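# Structural overview
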Amino acid sequence: MNLAVVYFQQDGRPQYAAIPLLKDAATTLRRFDDGRHLAMAYNNLGLTYTALGLWHEAEQAYLASVDLWQQTGDTLSLAETVDGQMWYLSQVPAEATVQFERSLALGS
């Protein structure tokens, strides 16, 4: 998973190269029932998709990460994921209201 983040962060590297690495990491983490790291993988996948302008894929990855963070009870990481999701939504205004209301419900 860390290699995928390196691909994502380095200039000159194709960001799409992180996608198969993150998907492979998610498969492995799911097999080991590692919800915390699986949530991180999905969040990083959401960041990668967002950077590439793949909005639907970004939304699905962020939602998976949010659900996993809720299951782990890690509210700080949940808030960071929702923050990333809000940036994504600023790029796709039609989805913003629905997802913003969902995010507000997380704090209730």
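These remarks concern the structure in this document. (Residues numbered from 1 in each chain as written. Predicted model: local features only at pLDDT ≥ 70, side-chain atom pairs only at ≥ 80, totals over all residues. Heavy atoms only, no water.)

### Notes on the overall build of the chain
Each helix and strand in the chain was counted, giving 6 helices and 0 strands. The linear arrangement of helices and strands in the chain, starting from the amino end, is α-α-α-α-α-α. In the chain, which comprises 108 residues, the share counted as buried stands at 37%. Surface summary for the chain: the accessible area is close to 6300 Å², and the carbon and sulfur share equals 55%. (Helix = DSSP H or I, 4+ residues; strand = E, 2+ residues; numbered from the N terminus. Buried < 20%, exposed > 50% of the residue type's maximum accessible area, 1.4 Å probe, protein only. Areas by Shrake-Rupley, 256 points an atom, 1.4 Å probe, with all protein chains shown as cover.)

### Section: the environment of R30
If you trace the backbone, R30 turns up in helix α2 (residues 18-31). With a relative accessible area of 44%, R30 lands in the partly exposed category. In contact with R30, other than residues within four places in its own chain, are L38 and Y42. One polar contact links R30 to Y42, side chain to side chain, over a distance of 2.3 Å. (Contact = heavy atoms within 4.5 Å. Polar contact = N/O pair within 3.5 Å; in protein donor to acceptor, adjacent residues only side chain to side chain.)

### A closer look at α2
The end-to-end C-alpha distance of α2 is 20 Å, a good match for the 20 Å that 14 residues give at a rise of 1.5 Å each. One or two positions beyond α2, positive phi appears at D33, with a value near 55°. (Expected span 1.5 Å × (residues − 1).)

### Quick word on the packing of α2 against helix α3 (residues 35-51)
Two elements in contact, α2 and α3, have axes separated by 9 Å at closest approach and are oriented at 160°. Classed by the angle they form, the pair α2 and α3 counts as roughly antiparallel. The crossing of α2 and α3 is left-handed. Of α3, the residues touching α2 (which contributes A18, I19, L22, K23, A26, L29 and R30) are H37, L38, A41, Y42, N44, L45, T48 and Y49. Taken together, the residues of the contact of α2 with α3 sort by class into 10 nonpolar, 3 polar and 2 charged. (Axes fitted to C-alpha atoms, helices over the stretch in contact; angles between N-to-C directions. Parallel < 35°, antiparallel > 145°, perpendicular 65-115°, else oblique. Left-handed = near helix turned anticlockwise from the far one by under 90°. Nonpolar A, V, L, I, M, F, W, Y, C, P; charged D, E, K, R; others polar.)

So far we have only geometry, and geometry alone does not tell us how the molecule works.
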